[in-house]
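Reading the structure
The primary structure of each chain is shown beneath.
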Amino acid sequence: MSYLVNLQCYECGRFYDAGVIQTYCPVCQALLFARYDLDAVRRELDRDEFRSRPAGMWRWRELLPVHQSENMISLREGDTPLLRLPNLGSELGLSRLMVKDESLNPTGTFKARGLSAALSKAKELGVTKVIIPTAGNAGGAMAAYAARGGLKAHIVMPQDSPRANVEESRIAGATVVLIAGSITDAAGLAGEKARAEGWFDVSTFKEPYRVEGKKIMGYELAEEFGWTLPDVIIYPTGGGTGLVGMWKAFEEMEALGWLENSCRPRMVAVQSAGCAPVVKAFQEKLPCCDYWLDASTIASGLRVPKSFADRIILDDLRESNGNAVAVSDEAIIQAQKRLACMEGIFAAPEGAATLAALETLIRQGWVALDERIVLFNTGTGLKYIPAD
Ligand SMILES: *Cc1c(COP(=O)(O)O)cnc(C)c1O
Ligand SMILES: [Zn+2]
């Protein structure tokens with residue numbers, strides 16, 4: 001089923017056994033990437049075969065890490081629609097503007113993809129209890145997949161996370177601990193509890209498989225574009241799993257010989273002006289990010305003061321000739337209204353931020369009007385309605 005071979009450290013290139021539980025490289029504290037036997041996949045599978053399988057992320061199972069199908073924990077995540085945005089496009093003068101609408105995933109955000117992959121693999125390796133520090137949506141997704149897979153779930157989130165994230169986690173039977181501070185403070189607490197009590201820590205990039213679930217967004221895009229890739233991808237970046245995952249998918253598909261040409265998209269990371277470590281490091285041409293003090297934004301998924309994968313995010317942006325843009329919360333709210341009233345899409349603030357960033361890029365002349373531009377709406381706005 002899976003063509004997974006081993007794991008490889010992004011920094012030092014050492015290989016690790018994928019048959020046992022792994023976290024990150026103990027030598028360089030850097031993340032481990034799953035490596036597959038791509039030569040065998042290339043010989044044995046046809047790229048067009050995947051289309052005929054039942055819909056969802058797991059139709060790409062040869063390129064996902066799970067060996068036994070009974071370990072797959074799935075709620076039919078993935079295969080989200082790629083929608084044209086004709087009304088906004090014509091207002092902005094863009095002929096080929098699209099949105100990949102990840103709000104249709106289980107639990108209403110694309111976090112479902114990563115947690116489906118990570119919890120399935122953890123289950124396969126014998127894990128029975130999982131812990132996560134989260135800005136909100138990853139907790140809700142983890143609770144759902146843990147419930148379905150029969151795993152115990154413990155969630156640490158900032159007390160000002162959206163109310164929906166707390167409720168969806170608790171109803172699925174997870175223990176939720178609310179803390180003062182940001183996801184970084186939550187990560188400290190979760191890490192301590194994991195070490196002391198043997199919980200498996202599913203923090204972004206501190207285990208190798210969430211990014212595998214998210215990379216499938218890249219495979220879906222290539223298939224939809226007839227095995228080419230769009231010109232520009234605009235992605236709201238917190239921990240950066242989706243961005244790094246899609247870039248990995250493009251590399252894999254190139255090695256598989258599945259792409260019609262070698263044109264990769266220019267990747268744009270969007271952050272909120274109240275927490276923009278990637279944008280700052282990109283503009284200052286630094287190799288990694290400084291910790292962002294007093295992070296604050298309505299886009300809770302973007303409130304990540306420093307990603308564990310900051311170096312890789314910056315490498316991928318630069319390799320793609322991409323860009324990084326910060327937008328204000330006011331611009332996000334305006335963009336959210338425009339997406340809803342012009343196209344009927346009630347986007348999460350993180351998703352709306354991509355439209356706000358696009359407007360900046362048009363003003364700067366950074367995008368050409370006939371380019372194929374894909375915005376990522378990573379979640380539904382419904383999860384952010386304040387409780388009164
Ligand atoms: C987590 C999250 C993000 C950021 O995703 P990364 O892949 O970790 O950068 C963006 N939008 C929403 C809605 C999220 O929940
Ligand atoms: Zn290493």
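Here's a quick rundown of the structure. (Residues numbered from 1 in each chain as written. Chains lettered and ligands numbered in written order. Predicted model: local features only at pLDDT ≥ 70, side-chain atom pairs only at ≥ 80, totals over all residues. Heavy atoms only, no water.)

The next subject is the pattern of salt bridges. Within the structure shown, the criterion is met by 27 salt bridges. Residues Glu220 and Lys100 are paired through a salt bridge, measuring 2.6 Å at the closest nitrogen-oxygen approach. Here Glu220, found in helix α7 (residues 210-224), pairs with Lys100, found in strand β5 (residues 97-101); they are 120 residues apart in sequence, far enough to count as distant. Residue classification places Glu220 among the buried residues on the basis of a relative accessible area of 2%. (Salt bridge = Lys/Arg side-chain N within 4 Å of Asp/Glu carboxyl O. Helix = DSSP H or I, 4+ residues; strand = E, 2+ residues; numbered from the N terminus. Buried < 20%, exposed > 50% of the residue type's maximum accessible area, 1.4 Å probe, protein only.)

With that out of the way, let us pick up the coordination of the zinc ion (ligand 2). In this structure, Cys9 (SG), Cys12 (SG), Cys25 (SG) and Cys28 (SG) serve as the protein donors to the zinc ion (ligand 2), at separations of 2.1 to 2.4 Å. Classification of the site at the zinc ion (ligand 2) rests on its four donor atoms, whose angles at the metal span 103 to 118°, yielding the label tetrahedral. Sequence spacing among the residues donating to the zinc ion (ligand 2) works out to C-x2-C-x12-C-x2-C. Remark: Cys28 occurs in the loop between β2 (15-16) and β3 (32-36) and Cys9 occurs in strand β1 (residues 4-9); sequence separation between them is 19 residues. Judged by its relative accessible area of 27%, Cys28 falls in the partly exposed class. (Donors = N, O, S within 2.8 Å, 3.2 Å for Na, K, Ca; no water. Tetrahedral: all angles 85-135°; square planar, octahedral: opposite > 155°, others 65-115°.)

Tracing the backbone through its elements, the reader meets Thr378 in the segment after β13 (373-377). Every residue in contact with Thr378, bar those within four places of it in the chain, is listed here: Glu102, Gly108, Thr109, Phe110, Tyr235, Pro236, Glu350 and Gly351. (Contact = heavy atoms within 4.5 Å.)

What follows deals with the packing of aromatic side chains. This model, assessed by the stated rule, comprises eleven aromatic pairs. Relative to Tyr219, the ring of Trp60 has its centre 5.3 Å away and its plane inclined at 45°; by these criteria the two rings are tilted. With a gap of 159 residues between them, Trp60 in the loop between α1 (38-44) and β4 (82-84) and Tyr219 in helix α7 connect regions that are remote in the sequence. Note on Tyr235 and Phe376: the rings are 5.8 Å apart at their centroids and 65° apart in plane angle, and the pair reads as edge-to-face. With Tyr235 in strand β10 (residues 232-236) and Phe376 in strand β13, this residue pair connects regions lying 141 residues apart in the sequence. Considered together, Tyr235 and Phe376 belong to a single accessibility category, that of buried residues. Put simply, the rings of Phe50, Trp60, Tyr219, Trp227 and Trp258 touch in pairs and so form one group of aromatic residues. Here Arg266 stacks its cationic end above the ring of Trp366, 4.4 Å away from the centre of that ring. (Phe/Tyr/Trp six-rings, centres within 6.5 Å; stacked < 30°, edge-to-face > 60°. Lys NZ or Arg CZ within 6 Å of the ring centre and 35° of its normal.)

On to the sheet that holds β3. The sheet built from three strands is open, its strands ordered β2-β1-β3 with antiparallel pairing. Each edge of the sheet is formed by a strand with only one pairing partner; in this case those strands are β2 and β3. Bridging between β1 and β2 involves two bridges; their strand directions are antiparallel. Bridge pairing in β2 links Leu7 to Tyr16. (Pairing = 2+ DSSP bridges.)

All right, on to helix α12 (residues 349-363) then. Helical geometry: 3.6 residues make up each α-helical turn, so side chains three or four residues apart lie on a common side. The terminal C-alpha atoms of α12, which comprises 15 residues, lie 21 Å apart, in line with the 21 Å expected from a rise of 1.5 Å per residue. The buried count for α12 comes to twelve of 15 residues, which makes it a mostly enclosed element. The set of residues buried in α12 consists of Pro349, Glu350, Gly351, Ala352, Ala353, Thr354, Leu355, Ala356, Ala357, Leu358, Thr360 and Leu361. After α12 finishes, the residue Gly365 shows a positive phi value of roughly 70°. (Expected span 1.5 Å × (residues − 1).)

In the neighbourhood of ligand 1, 16 residues make up the surrounding shell, with Lys111, Tyr235, Gly238, Gly240 and Thr378 lying closest. One of the backbone N or O atoms of Gly239 is found 3.1 Å from an oxygen atom in ligand 1. For ligand 1, an oxygen atom lies 3.1 Å from a polar atom in the backbone of Gly242. Protein chains shield 96% of the accessible area of ligand 1, which is 380 Å² for the free molecule. Looking at the shell around ligand 1, the elements with two or more residues in it are β10 and α8 (241-256). The residue makeup of the shell around ligand 1, split by class, is four nonpolar, nine polar and three charged. (Near = heavy atom within 4 Å. Polar contact = N/O pair within 3.5 Å; in protein donor to acceptor, adjacent residues only side chain to side chain. Areas by Shrake-Rupley, 256 points an atom, 1.4 Å probe, with all protein chains shown as cover. Nonpolar A, V, L, I, M, F, W, Y, C, P; charged D, E, K, R; others polar.)

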